[in-house]
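In case you want the letters, here they are:
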There are 2 protein chains.
Amino acid sequence: MDELDYRFLCELAAQLRVDSVRAAAAAGSGHPTSSMSAAELMAVLLVRHLRVDVADPANPANDHLVFSKGHASPLLYAMLRAAGVVTDEELLTFRRRGSRLEGHPTPRVPFVDVATGSLGFGLPVGVGLALTARRLDRLPYHVWVLCGDSELAEGSMWEAFEHAGHEGLNNLTAIIDVNRLGQRGPTRHGWDLGAYAARLGAFGWHTIEIDGHDPGQIDYALADARATRRRPTAIIARTCKGRGVSAVENREGKHGKPLEDAEQALDELGGPRSLTVEVTPPDAPATPYRYADGTLDLPKYAVGERVATRTAFGEALAALGTARGDVVALDGEVADSTKLEAFAKAHPDRFFECYIAEQQMTAAAIGMAARGWTPYAATFAAFLTRAYDFVRMAAVSRAGICLVGSHGGVSIGEDGPSQMGLEDLAAFRAVHGSTVLYPCDANQTARLVADMADLEGVRYLRTTRGETPVIYGPDEEFPVGGCKILRTGGQATVVAAGVTVHEALAAADLLAEDGVSVTVIDAYSIKPLDSAELVEMARATGKVVTVEDHWPEGGLGDAVLSALADAPVPVRKLGVSRMPGSATSQEQLEDAGIDRGAIREAVLSLLR
Amino acid sequence: MDELDYRFLCELAAQLRVDSVRAAAAAGSGHPTSSMSAAELMAVLLVRHLRVDVADPANPANDHLVFSKGHASPLLYAMLRAAGVVTDEELLTFRRRGSRLEGHPTPRVPFVDVATGSLGFGLPVGVGLALTARRLDRLPYHVWVLCGDSELAEGSMWEAFEHAGHEGLNNLTAIIDVNRLGQRGPTRHGWDLGAYAARLGAFGWHTIEIDGHDPGQIDYALADARATRRRPTAIIARTCKGRGVSAVENREGKHGKPLEDAEQALDELGGPRSLTVEVTPPDAPATPYRYADGTLDLPKYAVGERVATRTAFGEALAALGTARGDVVALDGEVADSTKLEAFAKAHPDRFFECYIAEQQMTAAAIGMAARGWTPYAATFAAFLTRAYDFVRMAAVSRAGICLVGSHGGVSIGEDGPSQMGLEDLAAFRAVHGSTVLYPCDANQTARLVADMADLEGVRYLRTTRGETPVIYGPDEEFPVGGCKILRTGGQATVVAAGVTVHEALAAADLLAEDGVSVTVIDAYSIKPLDSAELVEMARATGKVVTVEDHWPEGGLGDAVLSALADAPVPVRKLGVSRMPGSATSQEQLEDAGIDRGAIREAVLSLLR
C-alpha cells in the first residue's frame, strides 16, 4: 500500500471512531469504546478486502461480514455510512424508536445476515455461512467475522472453531479484536495474544498475531487470510479499547456507555469527516448451486401399523429432500436415534454431521437459512435445550429453521430423565413467531415434516421414541393451526398430543364402559393452536382435560388454557407430576399421571 | 505394582465388564460397550487412587468421582458393587422401575454428586467441585472425572477446560476414554490422542497419553495426576469400545444396546466374579472451612425512592453474605450490570468470576451446592438461556441453586431484543421443582433474595434494569407462594409482576377516572403462585387481566390461567406482542402492548 492509501485508511479509521462516538452521543447509550478498538481493522477490511456489491445486498457473490461482537454496532453502522448504505442522518437515529439501526445489529439492516448481541453467537453462524459457501452454494465468497476477546470464554466459540478447523474452511476469517477489557474488567488472557494463538492453532486454525491499529499489518493479515488454503484463519489483533480518546483509551469502567465529553473526544479525533468508500464488488457474477427439485413421494403407513414418529420423520425428510433441492439436514451425532440417518443415506451431500455440539448445529442451520436453504436440524428434544439461546437469537434474526427433537417425554422409558425432553414445548412456545408441532402417528408426522418447510421463523417438531399405532390414513391433511377430533362425546373434552393421544383414546374406551362419553382432540399443532375448534368443543362439553408428556408448565395445557381464556370452562391439566426415574414406557406414563387411567380419573373427577 | 496387584486389576477390570454386560442384559437396555472401554481405567482408580470412606458418603474428606459420560452407568454401578456399596442383587435391578440404579446416574445413588447423561455436563460440575475444594472447603480431596471423547465436541467442555486451566486446579483430573466411536459413528479425531493433547495443553492442562487398557500405564498416570502441581491433568487414554468381547469390540453400531449374546460374552470375559475392593479411605478426617455467620441487615429503601431491583439484589446479597457464611456468588462477567459487584466487594473470597461462560457458571454453582454451599449465579436473564440444559440437569441432580437474571423484559430499552430476557419465566417455570420470583420494588427484592436461600431446588429471581419506585415498606414480608393485593376494586382484577406492577397501578388510576374500579395484584411469586388468593379475587371481580414483560407464552399469564383452571373466569392476557427494536423503556412497554394504556384498554374491552 502506498502512502496515500495508508493516509486514507488512517483517516477512515478516525471517521469510523468519530461516527461511533457521534452515534452513541446522539443515542445517549451504546458501545463506542468497543467500536473504537476495531476501527483500523474494519477500515482496512472495507477498503481493501471486502468484496460486496453495495447496490445489491442479495448478490450471491457477496462476501459476508458478521459482527460477532454485536455491541460494536456503531462501528458497523459507521462502515455502512462510509459505504453509502446509510446516510449521516440515519446514523444519528441509532437506538431510536423505529430506527433499523438498533442497539445490536439485526437483519433489518442491509448486509446483516443474522442478529448478534448474544456473545458467542456470530462466529458459529459465520461457520455456517462458510460451510454453505463451500458445500451448498459452491461459491468463492469469503466470510469475515469480527469477534471480541471476551466472547472467547463462550463454549459455543470453541464448537465453532472446532467445526471450522475440522472442515478446513479457508473461506472463513475470524478477526479477533483483543482489546483486553471485557465489560466488567480485564479478560482472562489480557493482551496475551499467544494464549489465543496456541488454542486456535491447536484447533487447526492458521493464526496471525498483529498490532490491530497498524493498517499495514492488518492489510497483510487480511490478504494472507484470504489466500490461506485448507485452514480458516484467525487474525489475533492487539488493540486498545476506546483507542484515540485519552479519556477512555484502555481504561476500565468505560464499557457500554457514550463518552462523557463527546465534543472533546471529537476534537481529539480530528472532528467529523465525510470520506466515502467505493467498496469493491465481487470479481464476477455468480449463481449459487442448487439441487434439483423432484416429486414429493412421502412415505405412507398403513392404519394399525406400529411406527415410531421419529422413524416417519427420517423417512419423510428423505422424501422431502428428493422433492426439494433446498432442504438440507444437520445432525448432533445422534442420527441413528433421531432417524435423520434416512436423509443422510438419501442425500449425503446435503447432510451435515455437527457432532455433539447443539449450539453449533443450530448456528450452522441459521447460516444456511440466511443463504436461502431450508435446514432441518435434529437431536434429542432434551439436548436442544443446550441451544436455547441460539433458538432465541434465531427468532431475533428472523431466521427460518426447522428443529426436530426426538425422544420427547417420559415415554422414552428406561434411559431416565436426563434424556427426556420435558421442557421443550414450553421453551419453543415462548419463542417469538415460532411454530410447535407434535404429531402422534407416522402419517401425520410425514405430512407435518413436509409442510413445515413452507412456514416462516423457528419451527419445532417433537417426535417420540417408541412405536405408536398409525391412526390416520396416508392422504389425510394436517393443516398447521388445525386439530383433529378423534371422538365426539358430550360430557367432557380430552385434549392430547403425541403419545398421549393414544392414551386419550384408550381412556375414552374406558370411560365408555363407565357410561361416560368424551370428545378426544388431537392437538398436533400446539402453536398455533386451533382455538376456534377448542372453544367450540369446550363449550359443547363444558369440561376439558388436557394431557401431555411434559412438565405441567408452559406446554399443551397452558396453550389450551390460553385458547379458552375468553370462554372459560373448568380445565383439568395433566402433565408429568414428579421427577421420573427408569421404568418402561407404559410404567413411566402411569407414574407421571398421564396414562389412560389418569385421564379417566381426571374426567370422572371433573364430572363429580 | 507387583504381579499380584497387576493380576488383580486385570481380574477386576474383567469383573467390571462382566457386570456391565450382566446389568444391561438384565435390563434389556443400556450402554455396556461404553462401559467396557473404561474398565481398566476405573479398576485402577478404584483400587489404587480413589480416597473414599465407603461407609460415609458425606465424609468431607472424600474424593469425588463424576461420570461425565453418564451413559457408562453400568460401569459405575459395577464399581459400587465391587466396593460393597451395591449388592449383586441390586445391580441387576438396573433401569427397573423404582431402582435407584437409573439409566444414567443421579444423586439417588451414594457417591454420585450430580446427575449426568447430558454430555458435556459432568466435567463442568467437576470443575465446580475442584474449585470448591480449593477456595471454599479448603480441603485436599481430589476430583476425578471420567469423560467420553465424543463429548469433547461440546462447547461446555471447553468452558470447563478454560476455567480449570485458568484457576490452576491441580486437584482435578479428567480421564478421557478415547474409544474412538461415538453414538452414530467415529468421532472427529478418532484415536488421534495428539489432537486432544494439543488442545488441552494449549488450555493450560498437563496431559498424559496412555494405553487405556494397560493397568501399569494407568497407575502411573493417575499417580502423576494427583502429584501434579499448579495445573489440572488430563489422562488421554486410547481404548476400545466394547473391549474384551469380539462381537462388539471396536465395532460401529454397537452403542447403547445390550450385547446380543450375553452368555457368549460372559464366557469370553471369563464369567462372573465376586472380587471385592477395600477402597482406601481419606488420609485423615477433615473439616471443611466455613465462613462465619453474622446478622442479617438487609438494605432498606424509602417508599417513593426510585431504585432498580437489580441494585437491591446486589446490596441484599452482600448483606446476606454477611449473615450467612454458606452464601457464595458467581458472575458471568457482567457483575457491574447485574450489580453482583456489591457482593464481590463485600466478600471477595466468596466471589467467583466465571467470565462469559454461562454454562460453566451454572455448573460451578451446582458443584458448590453439592458440597453444601448456597450459590447465587447472576447474569442477564437473556443469557441464562445459554445454560438452559444445565438448569434442566440441575433439577435432575436435585441441586439447590439460586439463579438471578437481570435486564428482564423489553423495559431495558435501547439495547434491543438480543439483550432482553423474554423467555425466562417460561423456561424456569418448566423446570421441575423450581421457584420463580419477580419482584417489583427494592424492598421486595431484598427480602426475596434473602428468603430464596432457604428454598430447595432451582430458584430463579428476575430483576429489572431501570429504576422503579419503592412501594413497599422495608419491614413488609413477601412469603414465597404469596402475592400482594395493592388495590381493591370490584370490576376486574389486574395481575402483574415486576415492572408491570407499576403500569398496573397507573392503569388503575386511569380506570378510576373512567369510573372503573379494579383490584391490582402483585404476583411476585410466579411459581408457586398464590392460587387461593387469585381464585378468590377472580371470583369476586369476575374478570381478569394479566400483564407481563415477557412473550405471551408460558409466563405469568399462563401461570394465572393454570391457577384459575378449576374456577374459570374470562382472562385477557397481555404480553409482548411483537419483536421489539430499540426505543426508550416507556416506548418499549407501549409498543409491546403492556403499558398502562394497554392495560386500561384490556380492562375496558373485557367490561364491554
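Because the structure is a prediction, the values reported are computed rather than measured.

Novice: Give me the sheet that holds strand β17 (residues 525-527) of chain A: which residues, what numbers.
Specialist: Residues and elements named next belong to chain A. Taking strand neighbours across the sheet as the criterion, the 7 strands line up as β8-β7-β9-β10-β12-β11-β17 in an open arrangement whose pairing is mixed. The two strands at the open ends of the sheet, each matched to only one other strand, are β8 (351-353) and β17. Averaged over all pairs of adjacent strands, the angle between their axes in this sheet comes to 20 degrees, without regard to strand direction. Of the pairings in the sheet, the one linking strand β11 (residues 435-437) to β17 comprises 2 bridges and is antiparallel in character. Paired with leucine 437 across the strands is serine 525, a residue of β17. The sheet strands contacting helix α18 (residues 442-451) are β9 (374-380), β11 and β12 (458-462), and the helix crosses β12 at an angle near 165 degrees.

Novice: An account of the sheet that holds strand β14 (residues 484-487) of chain B is needed here, citing residue identities and associated values.
Specialist: The strands that make up a sheet are held in pairs by hydrogen bonds between backbone atoms, and each pair lies either parallel or antiparallel. Residues and elements named next belong to chain B. Within the open sheet, the 5 strands sit side by side as β14-β16-β15-β18-β19. Their pairing is mixed. Whereas interior strands pair on both sides, the edge strands pair on one side only; in this sheet they are β14 and β19 (571-574). Taking each pair of neighbouring strands and ignoring which way they run, the sheet shows an average axis angle of 20 degrees. As judged from the 5 bridges shared by strand β15 (residues 492-496) and strand β16 (residues 518-522), these two strands associate in the parallel manner. Looking across to β16, one finds that alanine 496 is bridged to aspartate 522. Here helix α19 (residues 499-513) sits on the sheet in contact with β14, β15, β16 and β18 (544-547), set at roughly 170 degrees to β16.

Novice: Could you give an account of the UniProt feature "domain: Transketolase-like pyrimidine-binding" (unreviewed entry) in chain A, with specific residues and numbers?
Specialist: According to UniProt, the "domain: Transketolase-like pyrimidine-binding" (unreviewed entry) feature falls on residues 307-470 of chain A. Helix and strand shares over residues 307-470 of chain A are 41% and 21% respectively, and the end C-alpha atoms of the span are 7 Å apart.

Novice: Describe in detail the interface of chain A and chain B, supporting the description with residues and values.
Specialist: Each side of the interface is counted separately: chain A has 102 residues, and chain B has 102 residues. Interface area, chain A with chain B, both sides summed: about 8,500 Å², of which 49% is carbon and sulfur. Viewed at the interface, chain B and chain A are joined by 24 salt bridges. The salt bridge partner of Glu162(B) is Arg199(A), with a shortest N-O separation of 2.8 Å. Classifying every residue of the side of chain A that touches chain B gives 38 nonpolar, 30 polar and 34 charged.

Novice: Just give me the short version of helix α21 (residues 556-563) of chain B, but keep the residues and values in it.
Specialist: The buried count for α21(B) comes to 7 of 8 residues, which makes it a mostly enclosed element. For α21(B), the set of buried residues is Leu556(B), Gly557(B), Asp558(B), Ala559(B), Val560(B), Leu561(B) and Ala563(B).

Novice: Describe the packing of helix α7 (residues 155-167) of chain B against helix α14 (residues 358-370) of chain B, and please don't skip the residues or the numbers.
Specialist: All names here are of chain B. Taken N-terminus to C-terminus, the directions of α7 and α14 make an angle of 70 degrees; their axes are 8 Å apart at the nearest point. Classified by the interaxial angle, the pair formed by α7 and α14 is roughly perpendicular. Crossing hand, α7 versus α14: right-handed. Counted together, Ser156, Glu159, Ala160 and His163 of α7 and Glu358, Gln359 and Gln360 of α14 form the full contact between these two elements. A per-class count over the contact of α7 with α14 returns 1 nonpolar, 4 polar and 2 charged.

Novice: Explain unusual backbone geometry residue by residue, including any values.
Specialist: Glycine aside, residues mostly have negative phi angles, and peptide bonds mostly take the trans form. A cis amide bond, omega -5 degrees, links Lys527(A) with the succeeding residue Pro528(A). Unlike most non-glycine residues, Arg180(A) shows phi in positive territory, near 80 degrees. Within the secondary structure layout, Arg180(A) lies in the loop between β3 (172-178) and α8 (193-202). The phi dihedral of Tyr355(B) is positive, around 55 degrees, even though this residue is not glycine. Position of Tyr355(B) among the secondary structure elements: in the loop between β8 (351-353) and α14.

Novice: For a negative patch on the surface, give the residues involved together with the corresponding values.
Specialist: Where like charges cluster on the molecular surface, the negative patch consists of Asp261(A), Glu263(A), Asp267(A) and Glu268(A). By relative accessible area, which is 59% here, Asp267(A) ends up exposed.

Novice: Explain the pattern of salt bridges residue by residue, including any values.
Specialist: For side chains bearing opposite charge, pairing can occur when the charged atoms are close. Summed over the entire model, instances satisfying the criterion amount to 84 salt bridges over all chains. A salt bridge links Arg17(A) to Glu40(A); the shortest N-O distance between them is 2.7 Å. You can see Arg17(A) sitting in helix α1 (residues 3-27) and its partner Glu40(A) sitting in helix α3 (residues 39-49), a full 23 residues away along the chain. The class for Glu40(A) is buried, based on a relative accessible area of 9%. Arg462(B) is the partner of Asp424(B) in a salt bridge, and the nearest nitrogen-oxygen pair spans 2.8 Å. Of this pair, Asp424(B) sits in helix α17 (residues 424-429) while Arg462(B) sits in strand β12 (residues 458-462); the two residues are 38 residues apart in sequence, bridging distant segments of the chain. For the pair shown, Asp424(B) and Arg462(B) are each scored as buried.

Novice: An account of the relation of the copies chain A and chain B is requested, with residue identities and associated values reported.
Specialist: For the match of chain A to chain B, the screw axis carries a shift of 0.0 Å, the RMSD comes to 0.0 Å, and the turn is 180 degrees. Read as a symmetry element, the transformation amounts to a two-fold axis.

Novice: Describe the state of the cysteines, with residues and values.
Specialist: Residue and element names in this part refer to chain B. Applying the stated criterion across every chain, the model contains 0 disulfides over all chains. Cysteine 402 provides the cysteine sulfur closest to cysteine 354, a residue in no disulfide bond, and the two sulfurs are 15 Å apart. Taking relative accessible area as the criterion, cysteine 402 reaches 1% and is therefore assigned buried.

Novice: Hey, could you go over α3(A) for me, with residue numbers and the actual values?
Specialist: In terms of burial, α3(A) is largely enclosed, as 9 of its 11 residues are buried. Looking only at α3(A), the buried set comprises Ala39(A), Glu40(A), Leu41(A), Met42(A), Ala43(A), Val44(A), Leu45(A), Leu46(A) and His49(A).

Novice: Now, about the pairing of strand β7 (residues 327-331) of chain B: what can you tell me, with residues and values included?
Specialist: All names here are of chain B. With 5 of 5 residues buried, β7 lies mostly within the body of the structure. Where burial is concerned, the two faces of β7 agree: the one with Val327, Ala329 and Asp331 and the one with Val328 and Leu330 are both buried. In terms of strand pairing, β7 meets strand β9 (residues 374-380) through 5 bridges, oriented parallel. Bridge pairing in β9 links leucine 330 to alanine 377. Note that β7 and β8 share 3 bridges and pair parallel. Paired with alanine 329 across the bridge in β8 is phenylalanine 351.

Rules used in this analysis
Residues numbered from 1 in each chain as written. Chains lettered and ligands numbered in written order. Predicted model: local features only at pLDDT ≥ 70, side-chain atom pairs only at ≥ 80, totals over all residues. Heavy atoms only, no water. Pairing = 2+ DSSP bridges. Helix = DSSP H or I, 4+ residues; strand = E, 2+ residues; numbered from the N terminus. Axes fitted to C-alpha atoms, helices over the stretch in contact; angles between N-to-C directions. Contact = heavy atoms within 4.5 Å. UniProt positions renumbered as here; feature names shortened; annotations may be inferred. Buried area = accessible area lost by both parts, 1.4 Å probe. Salt bridge = Lys/Arg side-chain N within 4 Å of Asp/Glu carboxyl O. Nonpolar A, V, L, I, M, F, W, Y, C, P; charged D, E, K, R; others polar. Buried < 20%, exposed > 50% of the residue type's maximum accessible area, 1.4 Å probe, protein only. Parallel < 35°, antiparallel > 145°, perpendicular 65-115°, else oblique. Left-handed = near helix turned anticlockwise from the far one by under 90°. Patch = residues over 30% accessible without salt bridge, like charges linked within 9 Å, V, L, I, M, F, W, Y side chains within 5 Å. Areas by Shrake-Rupley, 256 points an atom, 1.4 Å probe, with all protein chains shown as cover. Lys, Arg positive; Asp, Glu negative; His and termini not counted. Charge placed at Lys NZ, Arg CZ, Asp CG, Glu CD. Least-squares fit on C-alpha atoms with pLDDT ≥ 70 in both. Disulfide = S-S within 2.5 Å.

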